[in-house]
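Structural overview for review
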Amino acid sequence: MDFLSAWIVSPSALPFLCLILGTQAQQAFRSEPRNLTVRMGATAVLRCEVLRASGTVQWVKDGLLLGPQRSLPGFQRYSMTGNPKRGQYHLQIEKAQLEDEAHYECQAGQSESSQAIISTAVWVNMLIPPSKPYFVVNMATPWVARAKYTVTCIAPDAKPMAEITLYKDGVELTGAESFTTSSSTDKLVNTHAEVTFTALSSDNGRQLACHAQNPALFRPVETTMTMSVYFPPQPPVIVGLEREEVKAGRMLVLECVSYGGNPLATLHWTKNGEVLSKTWEVDVAAQKSSSILILKISPADNQAVVCCESVNLVSLSPLSVCRKITVLFEPAEVTLLGSFTSVEGQELNLACYATSSNPPVQIRWWLGYKELNTTGATMEEGDNGGMTTMSNMTHRVSREEDELQLTCEAFNKGTHFSKTQITILNVYYPPQKVWLDTPSPDVPLRSGTTVRLICFSTGGNPTATLTWFKNGKVVTDALRPTSFDRSVARELVLVLTASDNMATYRCDASNKAKKTISAHTKLLVHFTAVSMKISTKQEKLRRGQGITLECQSGSSNPEASISWSLGGLRFQGVEQPPRRAQFGGVSVHSSLSLNLSSQHHNQHVICQAYTPVLAERANTFFKLNVLYPPEFSPKQPAQVQVVEDDMATIPLLVSANPEEVSCIWLHRREKLVKEGNLRYHWSEQSSLEIKNVTRKNAGVYTVKCTNDEGVNQTSVMLDVQYAPSVKAEKEPVLVNLGETADLICVADANPIISGMFSWKWLGEAMVELGEETQEDESGLLTIYDVTRAHAGLYQCTADNDIAPPATVDVQLVVQFKPDLQKGAQWRKIASRGDGTTTAEVVCQAEGIPRVDFTWEKNGVRMDFANPRYEEQTVREGSFHTSRVRVVNVSAALDYAVFSCTARNSLGEDKLDIQLVSTNYPDPPSSFRQIGFSHDSVTLDWIPSFNGGLRQRFRVRYRWDQSVSFLYVDVFPPGATTFTVTGLQPVTTYNFSVNALNAMGESGYADNNAVLTITTKERPDLEEVPTDDDSFSHTVLMFLMCCELGASGLPVYLTVVFTLVFGVLLVFNSLGCFLRLRWKKRRGKTGSKGGNVLDGKKNEEEGSSQSTVSNSNKYESREKINAAAQRTLLVDSGSETDSNVYESYAAESSHYYYPTGDYMPPLSTLPEETRRHDVTHLPVDTNSHLYEDVRDGGLNQDILASPLPSPPFLFDHRLSLQRNEWRAFPQQAAGRGRGVRKPQRDSDLPFELRGELV
C-alpha cells in the first residue's frame, strides 16, 4: 500500500498504475445530494448514490463524520436508507429539528481500486413555525370609551420571520407597524406588530385577534382576546307611583330601572337625602340594573321626596330621578281630659283632644245614648304637616248617671274613618251605718292569745272603706275587706301583746263622698316582762377582778320575780321595790356580783323574770369579755411523734383575750425563722409544720405567745422516729477454732424496740446459729465452740417496724492451724527421670492466718537458689498452695521424698510426697454403691495415684449364672461415678472397678474387693422395654451363646442359635432404624430442658467427676471448698438419660456428650476364657474382644469438641458392628485385644518412657 500511495501522488505514475489495475474502475457519484428546505418535525432525505462503491461511504455534518454503519449509532434520528447493492446511501433525518440545519457531504473512502470521492456540500435549511402569538397590552385598568389604546402582538421563535395581521371583530386593522427582535434561541426571531385605535362603547365584548403566518405553517396560528370597554349608563326611571296621595299604612312598592353601561349601573334609593337602600340586581342579557324599594307609608312620610340614583365607574356624575309623596292619615290617638268622677250635684268640665291628622277631624260628645252639646273647638298645626283638634264640654251630674259611658268621637273626611275614646262616669255618695263584733272589755286575756275584732258597714257609693285604729293610730295588718249586697266587713286578727292592755280599738267607715262614721272598744291583757336589760359600770373586765351586774325588767302584768344563772349555776341577786311601768304594768330591778377568771370569757350571764300567773319567763344575757394573757389548753401535747421524711405538725392550742396573739417558736434556744427556710411553716396562732422532717429536727420546741395582757410559754418534745441504719462494731471478726465468737452490730434507729435484731447465715451449707441477744441499740450473735464451718458471712438485720429494715454483713474468720491435703493422690507424683521433663510437686493447706511453707528433700532443707528448683505459693482465701517445679528431672537425683511443712501462728502440719517414675495407676479406693433400681446400679469410688499419666476407669461385673465377666469403660473417662444399665430385675451382680493409663492397669479397688448388689423387682406398671434395651439384651444373649458354643456345644446347635439370633438382630436393627427416625421427628418439636432436674438429683446424690492434671492433685472425697467449685453438673454423665457436662472455665467451655444419646464403641463383652493355654474368641472373628480408649483416641476427640455431632450418637449398650467401627477410623489404630496385655517400654511413645528405680 505504501508503494501504491507513492505512485498515487505522482502524476507520472498514472500510466503505470493503469497497467497495474487492469480492469478495476474508479468509484463515482451517480447522484449527489442537493440543498434541502425542511419543515420542523418532517422527515428529510439527502440522496447519495455511488457507482462502483469500493470504499467506505459516510456522511459528514459540519465536518463531523457520522459513521459507516447504516443505523448511524449515536444519532437516534439519523440513518442511511436505500439499497446498498445499488450504491444507495441516502441520509434520512426523522423529526427534523433546528439543530439539523447544517452543511452535509457524502464521502466514499479510498479503497485499493479507487480514490476517495466527496460530494458537493449541501445545506439543509429548517423552517420553524412561530410559537403561539400573544398580546402585550395594558389591561391593568379597564378601557374607557372614546380613549386611545395601543395593542402589540408578538409571534416568537420563528424561521423565517412571521407575518402578523390584526383583526377587530373580524375586520382587519390597518396601520399596524411590524418589526423583529432576536429570539432566545439562535437562528430564530420574534416578530412584533403594533396598532393604535380609539375604543368605542360598541367594542365592549368584541374579540381582538392576532394571526401569525410563515412558510413553515400550512395555516396561520391565532390568538384572541376579548375587549372590555367601560361606558356610562342611561338615566334611571321610577315605576309604581301613579298618584302623589297615599294613605298611611299602605305598603308602597317602587322599582328603579337603569339601562346600559359597562359595568352596569349601581343603584341606590334616598328619602329626603337619606339613603334607604343600596341593593340592586343586574340583568346582563337585558343590559339593565334594577332595584326594588318597599316602603310602609306612615304619617312621617307626608311631603317626603323619594329619589333613585344610578352611576358606574366611568360616570362623570350620578344620574337621578325624584318623586314627592302626600300622605293621608288619621290622628294617632284621641284623649279625654278632665275628672270622670264626682260627688252628686257637682259640675264636670271635660275636654277631648285629637292628635295631628291630614285633613283635620270633627269632634262630637255622647253620654250613654244622649249627645251632649259642645261648648267650643280649636285647631292648630300638628306633626307631619297635619292639624290637631281640641273640643271642651261642661255637665252637672246626678246619682242616676253613675256608671254611664262618656264617648268622644273624631271623624276624618279624607280617610273616611272615625276614632273614639270612651270612659265610665262615676257619681259618689256616703255610707249609712257601722258596728263591731269584739270580746267583752271586762274579761282578762292572756298575752299571746289570738282574738278577732270584726267591723261591719252598709250603704254608700262606692262601698265604704273600713279602717282600724289602735289608740288613734292606723292598724295596717288588718285583713282585706269582704263586700256583699252593698255592705262591707273587715276583720282584725290580734295576737295579744303587752301593748294591747287597756288599748282603744276604733273602726272608721268612709268613701269618696268624704263623710266618715265609726265604732270603738277596749281589751284587758295579762303579759310577762316586755324587756330585760343587764348593765354594769365597768368598761373593761380582767382576769382576777370583780364585777357587779344590774338587771332591769320591763313592764309586766301582774308583777314578775327575777333570778340569775351562769353556765349550769344559779344565783340569787339583790332585788329592789317594783315601780309602775308602761302598758299598765310594773317593773322589777335586781343586782349580782362575780369574781372573774379566764374561763368566764365569752360566757353568758343570764337574768330571768318569772310571772307565776302566766307561768312564763323572760330573760336576757350579758356576754363576759374577760381580758387575760395567753393560756395554753390542758390538751396541749407535751410530746409529738413523727416518722422521718414525713411532715411534722406540732399543734398550738392557745387562747387569749385580746385574740391578737403573737407567737414565736424556739428550738434549742434559737428562734425559728420562716424566711429563707421552706421547711418551716406556721401562722401567728397556728401549729408548727416541718416538711420532710429529719432526725436533726428532734428535740424540745418552745413556743412563746404574747398579747396586750401579758406573755406565756410552753414546751413540746418532738420525737422523730426513723428507720434503722446498722453497722458492724467490728468487721471482720477473728476467732480461733473452738473459741467463742461475738458478732455485734450497732443500729442507729428510733425507736429502739425489743427484738429488732435478727441474724442470718449467708453461706451455702447449713450451720447452727448461736445465741442472739440485744443490748439497747446493739444486736449480739454469740457462737460457742466455733468450728471451721462457722466461717463466712453473717447478715445482721435491724427492723424497728419503720421501713425499710437495714442490714449489714459481718465476716467471721475462724483461725486454725494448717491442715494439709493428705489423700493418696497427694502423696505421689511421677515423672520420667531422663533429664528432659519437669515435675511439679504440689502441697495444699488450708489455714488462717497466713500459712508459710518450707520444703525438704530426703530430710534436707531445700535450697531454692538452685536453678533446678522453683517454688511458688498461691493463696485463695483460706487455701494456700505451694508448688515446687523440678526442672530436668533426674532419676538419680530427684527420685526422692519431698517433705512439705505448713506453719502459721496456731501450729503446723507436714506431708511427705514421693517423686517416682511414671507407672501404671494405683487401684481406686472406697468403692461403693450409691443407688440401684430393677435394671441399673450406680457406683462410686475415689481415684488414687494415676501413675503420672492420664487415667480412666473400667467396671467389671457378672451375675451368678454367667461363666465370665462383662466389662464397661467409664465415660467420661475421668468420671468417678457411673451407672451400669441393662441389668435384669431381682438378679445378684458382683461389681469391681480398676484404673488404667497408657502404661497399664491397676488392680481392682480396695484390694480386689467385690461389691455384691441384687437389683430390685420390676415395678407393677411394667414399661415397654425400649428398642435399645431389647437390642442390647439380644446382643448379650447372642455373645453368651457364642461363648457357650465355643465351650463345647454341638456344631449344629451353634449354627441354629447363630441363625436365630441373626434373624433377631435383623429385626432389631430394623426397629432401631424406625425408632431413630421417629425420635428425629419428635426432636424437632420436643423440649430440651427435661433433664436438668435429673442432673440436680444426681448432683445431690454425690456424683462427681475428676480432673486429670500433671501434678499430684487428684480428686478425693474431701470437701475442699464448695464455694470455689466452678463446674456445673447439668446432668450426670453416667446416667442413660443425662445430657451435658458444662465446665465454666475462665476462657473456655467443654461439653461432654450425654451417655444416653452417645457412647463410644466400648460395649460390655464377654471376658476371654483360656483353656490349655489357648485363647478362645467369640464366633465373629472380625469383632473385638475388648476395646479400650487411649488418651489420643475417640474420647479425647469428643472432649475437645465444643458441640455434639448428631450423626455419631450411639448408646453404650449397643454391640459393636463393623460399619460402626468404620465411622471412627481413629479408634482402629493402637487398640489392644487383651485385657491385661503388658506393654513394653519400647512400645510407648518416647515422652512416656521412664526409668524404674
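The following paragraphs examine the structure supplied in this document. Model, not experiment: these values are computed from the prediction.

1. A word on the overall build of the protein
From N to C terminus, the protein includes 10 helices and 96 strands. Burial analysis of the protein (1253 residues in total) assigns 42% to the buried set. Relative to all contacts within the protein whose residues are 6 or more apart in sequence, the contacts with residues 24 or more apart total 66%. Put simply, the protein shows about 67,700 Å² of open surface, and 51% of that area lies on carbon and sulfur atoms.

2. Regarding the sheet that holds strand β84 (residues 925-932)
Pairing is antiparallel in the open sheet, where 3 strands are placed in the order β84-β85-β88. The two strands at the open ends of the sheet, each matched to only one other strand, are β84 and β88 (977-980). Each adjacent strand pair in this sheet contributes to an overall mean axis angle of 25 degrees, direction not counted.

3. Quick look at the packing of aromatic side chains
Taken as a whole and judged by the stated rule, the model has 12 aromatic pairs. Between Trp143 and Phe197 the ring centres are 5.8 Å apart and the planes differ by 75 degrees, which places this aromatic pair in the edge-to-face class. On the criterion of sequence distance, the pair formed by Trp143 in strand β13 (residues 143-144) and Phe197 in strand β18 (residues 189-198) is long-range, its members being 54 residues apart. With respect to class, Trp143 is no different from Phe197; both count as buried. Here the aromatic residues Tyr957, Trp959, Tyr989 and Phe991 are joined through ring pairs into a cluster of three or more.

4. A few points about the state of the cysteines
One pass over the full model with this rule turns up 10 disulfides. Disulfide pairing is shown between Cys455 and Cys507; the S-S distance is 1.9 Å. Its S-S torsion of about -85 degrees marks the bond between Cys455 and Cys507 as left-handed, since a negative value means left-handed. Here Cys455, found in strand β42 (residues 450-458), pairs with Cys507, found in strand β47 (residues 504-510); they are 52 residues apart in sequence, far enough to count as distant. For the pair Cys455 and Cys507, a shared accessibility class is recorded, and that class is buried.

5. Here's the deal with the pattern of salt bridges
Taken as a whole and judged by the stated rule, the model has 37 salt bridges. For the salt bridge of Asp169 with Arg206, the shortest nitrogen-to-oxygen distance reads 3.4 Å. Pair noted here: Asp169 is in the loop between β15 (163-168) and β16 (171-172) and Arg206 is in the loop between β18 and β19 (207-213), with a separation of 37 residues, a long-range link. Given the relative accessible area of 33%, Arg206 is considered partly exposed. Its salt-bridge partner being Arg883, residue Glu840 comes within 3.4 Å of it at the nearest N-O pair. Separated by 43 residues along the polypeptide, Glu840 in strand β77 (residues 839-848) and Arg883 in strand β81 (residues 879-886) bring together distant segments of the chain.

6. Topic: the nonpolar core
Ranked by internal contacts, the top residues of the largest apolar core, which has 27 residues, are Leu46, Val50, Trp59, Tyr78, Leu91, Tyr104 and Met126. Among the elements of the structure, β3 (44-46), β5 (57-61), β7 (78-81), β8 (90-93), β9 (103-108) and β11 (122-127) are those that each provide at least two residues to this core. Sequence-distant contacts of Leu46, defined by excluding residues within four places in its chain, comprise Pro33, Arg34, Leu36, Trp59, Tyr89, His90, Leu91, Tyr104, Val122 and Val124. Membership of the second largest hydrophobic core comes to 25 residues, among which are Cys745, Ala747, Cys796 and Phe816.

7. Quick notes on a nonpolar patch on the surface
Taken together, the side chains of Met251, Val253, Ile292 and Ile294 define a hydrophobic patch exposed on the protein surface, amounting to about 390 Å² of accessible area. For the nonpolar patch, the secondary-structure elements that each account for two or more residues are β24 (251-259) and β28 (288-296). Within the element layout of this structure, Met251 appears in strand β24.

8. Some details on the pairing of strand β31 (residues 334-337)
Residues Val334 and Leu336 line the buried face of β31, whereas the alternating positions Thr335 and Leu337 sit on a face that is not buried. Here β31 runs beside strand β33 (residues 347-357); their pairing, made up of 4 bridges, is antiparallel. Of the residues in β33, the one forming a bridge with Val334 is Ala354.

9. As for the side chain of Ser114
With respect to the helices and strands, Ser114 occurs in the loop between β9 and β10 (117-118). The class for Ser114 is buried, based on a relative accessible area of 5%. Looking at Ser114, its side chain comes within polar contact range of the side chain of Gln26, at 2.8 Å. Filtering out sequence-adjacent residues up to four positions away, Ser114 remains in contact with Ala25, Gln26, Gln27 and Ser54.

Reading guide: rules and limits
Residues numbered from 1 in each chain as written. Predicted model: local features only at pLDDT ≥ 70, side-chain atom pairs only at ≥ 80, totals over all residues. Heavy atoms only, no water. Helix = DSSP H or I, 4+ residues; strand = E, 2+ residues; numbered from the N terminus. Buried < 20%, exposed > 50% of the residue type's maximum accessible area, 1.4 Å probe, protein only. Contact = heavy atoms within 4.5 Å. Areas by Shrake-Rupley, 256 points an atom, 1.4 Å probe, with all protein chains shown as cover. Pairing = 2+ DSSP bridges. Axes fitted to C-alpha atoms, helices over the stretch in contact; angles between N-to-C directions. Phe/Tyr/Trp six-rings, centres within 6.5 Å; stacked < 30°, edge-to-face > 60°. Disulfide = S-S within 2.5 Å. Salt bridge = Lys/Arg side-chain N within 4 Å of Asp/Glu carboxyl O. Core = buried A, V, L, I, M, F, W, Y, C linked by side-chain atoms within 4.5 Å. Patch = residues over 30% accessible without salt bridge, like charges linked within 9 Å, V, L, I, M, F, W, Y side chains within 5 Å. Polar contact = N/O pair within 3.5 Å; in protein donor to acceptor, adjacent residues only side chain to side chain.

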